[in-house]
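Take a look at the letters that make up each chain.
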Amino acid sequence: MLISFSLIQAQTKQVSGNVSSDGQPLPGVNILVKGTNNGVVTDFDGNYQINASTNDVLVFSYVGFITKQVTVQNNSTINMTLEEDMSELDEVIVVGYGTQKKKEVTGAVTQVKAEDIVSSPVSDLGAAIQGKVAGVNIQAASGRPGEASNVQIRGIVSINGGGPLYVVDNIPQEGNPNIAPEQIESIDILKDGASASIYGVRASGGVILITTKKGKAGKMKVDFNTYTGIQNITSGTPLMNTTEQLYNLEVTTEQLGTEPLTFFFNPNALDFDSDFVGDVQEDNALVQNVDLNISGGAENLTFNFNTNYFKQDGVLLNSGFDRLTNRITGQFIKGKFKAFATMGFTTENRSQEPFALYEYGIGQSPWARPLSEIPSIGENSVELDVGNEIFYSFLSRQLDNVDEREIKSNNIAVNLEYEVLKGLKYKLNIGRNEWNFFRKFFRPQYLAFSRTGTYNPTASIPNAILQESYIFNKRETIEHILNYSKSFGKHNLNLLAVASYERQQSRSIGVGVQFGDDASNDVQVLSAGAEGIRPTGTENAQTLSGKLARIQYNYDGKYLLSASYRRDGSSNFPEENRYGGFPAVSVGWNVDQENWFNVDAISSLKFRASWAELGFQGISPYSFIPIIESGANYPFGADEELSFGFTQRRYTNTDIQWETQVSKNIGIDLSMLNNRLNITADIYENSKSLMLLSQPLPPSTGTSQPRAASQYNSVIVNAGDMTNKGIEIAISYRDKIGEDFDFDISGTFTKNVNEVTDLNGIERGFANGRPVNSRGPNTEFTTFLAEGHEAGAFFLFQNDGVIKTQAELDEYKLLNLASVSSPQLGDMRYKDVNDDGKINDNDRAYSGSGQPEFEAGLNINVQYKGFDLAVQSYLAYGAEVYNGAKLYAYSGGRHRDLVNMWSPQNPTSDVPTFRQNAFHSNVRAASDYFLEDGTYLRIRTLSIGYSIPGTENVGIEKARVYLSSLNPFTFTNYTGYDPEVGGDGLFTRGVDAGSYPVTRQFMLGVQISL
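Residues numbered from 1 in each chain as written. Predicted model: local features only at pLDDT ≥ 70, side-chain atom pairs only at ≥ 80, totals over all residues. Heavy atoms only, no water.

1. Section: the overall build of the protein
Per the secondary structure count, the protein includes 11 helices and 55 strands. Computed over its C-alpha atoms, the radius of gyration of the protein comes to 33 Å, within 12% of the 30 Å expected for a compact globule of 1010 residues. A principal-axis box enclosing the C-alpha atoms of the protein has dimensions of 105 × 75 × 65 Å. In the protein, once contacts between residues fewer than 6 apart in sequence are set aside, the share between residues at least 24 apart is 70%. With an accessible surface of roughly 44,800 Å², the protein has 54% of that area assigned to carbon and sulfur atoms. (Helix = DSSP H or I, 4+ residues; strand = E, 2+ residues; numbered from the N terminus. Rg over C-alpha atoms; globule rule 2.2 N^0.38 Å. Contact = heavy atoms within 4.5 Å. Areas by Shrake-Rupley, 256 points an atom, 1.4 Å probe, with all protein chains shown as cover.)

Structure follows, in structure tokens:
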């Protein structure tokens, strides 16, 4: 043993040397004796010294460089030259109809990799990348399970809506393809017009290119990931309890000179203190996810199979979502031939909560009997011993509604490629997508009786109704692509030609029946109905053809040029305006490749600029064709018998054409400190002209229809202009401390300024954004289009506080107040904004919008030995949110603020008096009193995990357990459920009309790789 020890000691020696790259010393390089904790770091001049034995292996590692290993042997001096890891600069970016190295890209293109996509435990791709990509605004449309997020790239696409074009494995999709994040290898986002214009008329909202996971040659790999968690509602609308409500009612009726009749209608009022909002909520609802991925293959044949099941129970009654999706991909290569195919099959099931459930829960009196204690007095019959049986039944009779929706979709993509000549390749892309929707809505029979046994027909649903809706959608795509690449000397050239054709067919059917008086609610089939409901049906087809030519050129990797021209034809427009051309050009300069450039701290520096024209076709098919519609029945003949009639209900415009967008972009890409620090910044302007406006028509045209006032009385014209201007910055830094501590920090900043510049002579119009659902057209609009402001901006009456003194009341009455409620002490006072001596609609003033002034994201990832920590935060600053739930609670006399409302006994209160009138001017929807600051900072994701060591010994490549939380902390001054109110992304963005709440989630999960 002593001899052996002596030999080992003799073999240990000092090894020294220098580490460099491109002739320059590298400070801070980690040198570690493999398998030990013995390590050193190179000094400022790249020198090092370390004790090692003859058989030891030295590991040289440095961020941004390829790790190298060398055995000591008999060497006492080991100099090492590290090669730059070109994964940053040579990283392959998908740019549409091809790929480029990152250093060759001249447009504003961002790539998000699989590990960043799945770091957030969500079912929606948009939600998975919120705050991770500068220039891409993502807002939850609502917190409803399975709801897709609103995705806007560099602002609003059009006042007709619209969003980015999704392209999955080279095949364009219709809307969000709703692919499970776990099935995605990477997404590449084309943000500027020049990058996106190769997709022509559909690209004005940007393009999201999705590459699904592919197999790799070698050993078969199996990855399994599952998590289970719960969801919490973290806030809500404060409501009065029974004691507070009785006090408020006493104060209210005293000012009216009457007495409360609570105990007359509710003798047992003091027996209950019901929480109806709590009754319709399902706190701690479950969320589950199971994912299995299998991949592998031989050198020329690879495959990947993924199956994913996601289930999320709703936090509101009768709501939920589950999705089962399977995807298989395969790739075959033989000589000059390459074939790739992918098939995805998805089934989604949704249950939707009853209409206005949250609002009806807010409106119930707390002394009313809770929903769980409603007495049943027979089949489908209940006793409602409450003061207002009708309003109570608005909530109670919906509890057994069935609203189930099923979506079955499949998509198939085939890419065939053959190298005809050296550098010349022909590629054929074929795709087919099917999307089939089914909805079952059943409203059961509900018979309501008073406590005296009197039948109340208004509070009842005497006959059950069953409705079924079907939508069948099919989309087929074929693209022929020629690509030629050639390098001669320092010149590098790529030529692309594309001919594409797409056809989409859609068919919808709606059928229904009404059941008889004695029907059972348990039999929910059409054949059990007693009387049919008039069926509905539509059928339409759309086609889109395109031709594209593109040239990409660079000289010696320094000077970059890309130019393209696409010509599209769309069946959505008349023949004379059916085709449009979309040119684009972009240039780049890799300054760091210049011989004279010698800045050690800068690894790469590139300037970019681009210009492009794009189009938008976001109107319904046949909008330019006069259509004869049914439903206009008419008494005909001598006996004037009612006959089925047809008529033209609306006017059309045969001259409509594309919306046009001119896009400009200037950008810079900077990498420093051996690619550890990366900065990308862009300034852009997108100018939209000839927007497709629904121009209102005067009543004299005869298009105003009863109960459909805004449905037919407009005509589409090309008239509006709008701009989006902004700046976006992305910064990332990654490094390691020692051998075990790795970290990376990334941040994004986005500021987009949207402005409507022309509305064809209309200064303010196109009203929308009603903040209450259950009152329909009786609720005032809050958002508008207006020249000089953001699209969907709030224009509201400016409240001037509560009238507290007789002098204030007398002064206010000097105005013409014909359009407001007759004012009294304790009422809300409104400003005469235009000083014309009266309060009317002209006094609405700009009050901000639901669009943030800027947004930012910060992402931190840390790994230490087997532990990992990930934190993602998101900030949206400057948006306004209209608190519709607060308005509803005020107008129904239920909000807790009303305990301290103005009264003769409380004359200094700033809370207006409740007048027992839901449409009183104190609680008008057009008041800015209910508009709040929607700024919020959210810890979007917080996750900590541990990879169990030594699992290789039992055949497990990796085993990791983790605890993750989604939305654990939100910091905001907004008093509603949640300040993230995406709505439709335009008119209802920032309008919280009792929106489905965004929840906080906690999950425990396991990852296993074999």
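Okay, back to it.
2. A few points about the side chain of Ser274
Relative to the helices and strands, Ser274 is located in the loop between helix 6 (262-265) and helix 7 (276-279). A distance of 2.6 Å separates a polar side-chain atom of Ser274 from the backbone oxygen of Ala368. With residues near it in sequence (within four places) discarded, Ser274 still touches Pro366, Ala368, Arg369 and Pro370. (Polar contact = N/O pair within 3.5 Å; in protein donor to acceptor, adjacent residues only side chain to side chain.)

3. Topic: empty space enclosed by the protein
On inspection of all chains with the given rule, the structure shows 13 cavities of 30 Å³ or more. Put simply, the largest cavity is a space of about 360 Å³. What lines the largest cavity is a set of 34 residues, among which Val122, Ser142, Gly143, Gln312 and Gln1001 lie closest to the centre. At the level of secondary structure, the elements contributing two or more residues to the lining of the largest cavity comprise strand 12 (136-139), strand 20 (301-313) and strand 53 (958-972). In terms of residues, the lining of the largest cavity owes the most to one element, strand 20, which gives three residues. Its residues assigned to classes, the lining of the largest cavity shows 15 nonpolar, 13 polar and six charged. (1 Å grid on protein atoms, 1.4 Å probe; cavity = no way out; pocket = protein on both sides within 12 Å on 5 of 7 lines; lining within 4 Å. Points joined across faces, edges and corners; volume = space filled by probe spheres on them. Nonpolar A, V, L, I, M, F, W, Y, C, P; charged D, E, K, R; others polar.)

4. Details of the nonpolar core
Counting 61 residues, the largest nonpolar core has Ile362, Leu371, Leu384, Tyr392 and Tyr882 as its most contacted members. Within the residue set of this core, elements represented by two or more residues are helix 7, helix 8 (357-363), helix 9 (389-396), strand 44 (793-796), helix 10 (806-812), strand 46 (828-830) and helix 11 (884-891). Examining the composition of this core, we find that five residues originate from one element, helix 11, more than from any other. With 27 residues, the next largest nonpolar core counts Val112, Val122, Ile179 and Val287 among its residues. (Core = buried A, V, L, I, M, F, W, Y, C linked by side-chain atoms within 4.5 Å. Buried < 20%, exposed > 50% of the residue type's maximum accessible area, 1.4 Å probe, protein only.)

5. Quick word on the pattern of salt bridges
Taken as a whole and judged by the stated rule, the model has 37 salt bridges. The shortest N-O distance in the salt bridge between Arg896 and Glu244 comes to 3.6 Å. Taken as a pair, Arg896 in the loop between helix 11 and strand 51 (931-933) and Glu244 in helix 5 (residues 242-256) lie far apart in primary sequence, 652 residues in all. Its relative accessible area of 40% is what places Arg896 among the partly exposed residues. The exposure class of Glu244 is partly exposed, given its relative accessible area of 22%. A salt bridge links Lys425 to Glu417; its shortest N-O distance comes to 3.8 Å. Residue Lys425 is classed as partly exposed on the basis of its relative accessible area of 34%. (Salt bridge = Lys/Arg side-chain N within 4 Å of Asp/Glu carboxyl O.)

6. Looking at the packing of aromatic side chains
The tally for this structure, following the rule as stated, stands at 32 aromatic pairs. Between Phe582 and Trp658, the ring centres sit 5.9 Å apart and the planes meet at 85°, which makes this aromatic pair edge-to-face. Residue Phe582 is located in strand 32 (residues 579-590), and its partner Trp658 is located in the loop between strand 37 (646-648) and strand 38 (659-672); the two are separated by 76 residues in the primary sequence. Note on Phe582: relative accessible area 4%, which makes it buried. By relative accessible area, which is 5% here, Trp658 ends up buried. A ring pair is formed by Phe749 and Phe854, whose centres lie 5.4 Å apart and whose planes are at 35°; its orientation type is tilted. Remark: Phe854 occurs in strand 48 (residues 854-864) and Phe749 occurs in strand 41 (residues 741-759); sequence separation between them is 105 residues. Here Phe749 falls in the partly exposed class, since its relative accessible area comes to 28%. An aromatic cluster is present here, built from Tyr733, Phe741, Phe743 and Tyr864 joined pairwise through their rings. A cation sits over an aromatic face here: Arg764 above Phe784, 5.0 Å from the ring centre. (Phe/Tyr/Trp six-rings, centres within 6.5 Å; stacked < 30°, edge-to-face > 60°. Lys NZ or Arg CZ within 6 Å of the ring centre and 35° of its normal.)

7. Re the environment of Gly983
Position of Gly983 among the secondary structure elements: in the loop between strand 53 and strand 54 (991-992). Taking the relative accessible area as the measure of exposure, Gly983 reaches 22% and is therefore partly exposed. As a C-alpha pair, Gly983 and Arg649 span 334 residues in sequence and 30 Å in three-dimensional space. Gly983 has contacts with Ala140, Ala141, Asn150, Thr988 and Arg989, leaving out every residue within four places of it along the chain.

8. Some details on unusual backbone geometry
One non-glycine residue with positive phi stands out, namely Tyr622, at about 70°. By the secondary structure assignment, Tyr622 is in the loop between strand 33 (602-616) and strand 34 (628-630). In the Ramachandran plot, Asp835 falls in the positive-phi region, its phi being about 55° despite a non-glycine side chain. Locating Asp835 in the fold gives a position in the loop between strand 46 and strand 47 (845-846). With relative accessibility at 66%, the residue Asp835 sits in the exposed group.

9. Some thoughts on a nonpolar patch on the surface
On the surface, Leu869, Leu937, Leu942, Ile944, Leu963, Phe969, Phe971 and Leu1004 cluster together into a nonpolar patch covering about 730 Å² of accessible area. Within the secondary structure, Phe971 sits in strand 53. (Patch = residues over 30% accessible without salt bridge, like charges linked within 9 Å, V, L, I, M, F, W, Y side chains within 5 Å.)

10. Here's the deal with the sheet that holds strand 44
Strand pairing in a sheet relies on backbone hydrogen bonds, with the paired strands running either antiparallel or parallel. Read from one edge of the open sheet, four strands run 42-43-44-47, paired in antiparallel fashion. Every interior strand has two partners, whereas the edge strands, strand 42 (764-768) and strand 47, have only one. By the bridge criterion, three bridges tie strand 42 to strand 43 (residues 783-786) in an arrangement that is antiparallel. Note on strand 43: the bridge partner recorded for Asn768 is Thr783. (Pairing = 2+ DSSP bridges.)

11. Topic: the side chain of Asn137
Here Asn137 is to be found in strand 12. Within polar-contact distance, the side chain of Asn137 engages the side chain of Glu855 at 2.7 Å. Setting aside its immediate chain neighbours within four residues, Asn137 contacts Asn150, Val151, Gln152, Pro852, Glu855, Tyr874 and Arg989.

12. What about helix 9?
Within the span of helix 9, buried status applies to Glu389, Tyr392, Ser393, Leu395 and Ser396. Buried residues of helix 9 fall within an arc of 155° about the axis and therefore sit on the same side. (Arc of directions from axis to C-beta.)

13. Here we look at the UniProt feature "domain: TonB-dependent receptor plug" (unreviewed entry) in the protein
In the numbering used here, UniProt assigns the feature "domain: TonB-dependent receptor plug" (unreviewed entry) to residues 101-207. Taken as a whole, residues 101-207 contains 11% helix and 26% strand, while its terminal C-alpha atoms sit 19 Å from one another. (UniProt positions renumbered as here; feature names shortened; annotations may be inferred.)

14. Re the sheet that holds strand 16 (residues 184-190)
Spatial ordering of the open sheet is given by 11-16-17-14-15, a layout of five strands whose pairing is mixed. Edge positions in the open sheet fall to strand 11 (109-113) and strand 15 (171-172), since each of these has one partner strand only. In the sheet, strand 16 pairs with strand 17 (residues 207-212) via six bridges, with the strands oriented antiparallel. Bridging across to strand 17, Ser186 finds its partner in Thr211.

15. Notes on helix 5
In a regular helix each residue adds 1.5 Å, so 15 residues correspond to 21 Å; helix 5 covers 21 Å between its end C-alpha atoms and thus fits that length. For helix 5, every residue scored as buried is listed here: Thr242, Gln245, Leu246, Asn248, Leu249, Val251, Thr252 and Thr253. For helix 5, the N-terminal cap is Asn241; the gap from its side-chain oxygen to the backbone nitrogen of Thr243 is 3.2 Å. Following helix 5 by one or two positions, Gly257 has its phi on the positive side, about 75°. (Expected span 1.5 Å × (residues − 1).)

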